[in-house]
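# Observations on chain architecture
For reference, the chains in residue letters:
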Amino acid sequence: MNESRAACPKCKKDVMFSHQQGWGKCPECGFQFQDGFIEPPSTGLERKTARRTLLDMILIAFLISIAVILVGGAVLFAGCLVLSGGH
Ligand SMILES: [Zn+2]
């Protein structure tokens, strides 16, 4: 059993985490996490980048779904034209 000082992601307190069998536990609020989950404070920028990447992915998925709807609608419209032209 060893200890490491880090900011708890749950209660935001700077506490000494106790480590047992690959799991750390916050003595203040009892929050448990797998070792390696707590990152050094310098990752604030990376987290912001990750959040932005997630937003970009949502935007891309949104644009792709619009494209699929437009293409699907065009195909359906063309199909209707072919069917009505066959009369
Ligand atoms: Zn805590």
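Keep in mind that what you see is a predicted model, and the values were worked out from it rather than measured. (Residues numbered from 1 in each chain as written. Predicted model: local features only at pLDDT ≥ 70, side-chain atom pairs only at ≥ 80, totals over all residues.)

Of the regular secondary structure elements, the protein chain holds one helix and four strands. With 87 residues in all, the protein chain has 5% of them scored as buried. Considering only contacts within the protein chain whose residues lie at least 6 apart along the sequence, 4% involve residues at least 24 apart. (Helix = DSSP H or I, 4+ residues; strand = E, 2+ residues; numbered from the N terminus. Buried ≥ 20, exposed ≤ 12 C-beta atoms within 10 Å, placed from the backbone. Contact = placed C-beta atoms within 7 Å.)

With that settled, consider the pairing of strand β1 (residues 3-7). Of all five residues making up β1, only zero are buried, and the element is barely covered by its neighbours. Here β1 pairs with strand β2 (residues 14-20) via five bridges, running antiparallel. Residue pairing for β2: Glu3 is matched across the bridge by Ser18. Linking β1 back to β2 in an antiparallel pair, the connection comprises six residues, with Lys12 at a positive phi of about 60 degrees. (Pairing = 2+ DSSP bridges.)

As a further point, take the UniProt feature "transmembrane region" (unreviewed entry) in the protein chain. Under the local residue numbering, the UniProt record ascribes the feature "transmembrane region" (unreviewed entry) to residues 57-84. Secondary structure content for residues 57-84 is 100% helix and 0% strand, and the end C-alpha separation is 40 Å. (UniProt positions renumbered as here; feature names shortened; annotations may be inferred.)

Another aspect to go through is the pairing of β2. Bridge analysis of β2 against strand β3 (residues 23-25) gives three bridges, and the strand direction is antiparallel. Bridging from a neighbouring strand, Gln20 pairs with Trp23 of β3. Counted along the chain from β2 to the antiparallel partner β3, the turn is two residues long, and its residue Gln21 has a positive phi close to 50 degrees.

Another point: the sheet that holds β2. One open sheet accounts for four strands, arranged β1-β2-β3-β4; its pairing is antiparallel. Two strands lie at the open edges of the sheet, namely β1 and β4 (32-34), each paired on one side alone. Going from strand to strand, the sheet's axes swing by 35 degrees on average, the running direction of each strand aside. (Axes fitted to C-alpha atoms, helices over the stretch in contact; angles between N-to-C directions.)

Glancing now at the environment of Gly30. Locating Gly30 in the fold gives a position in the loop between β3 and β4. Spatially, the C-alpha atoms of Gly30 and Cys8 are 9.8 Å apart, while their sequence positions differ by 22 residues.

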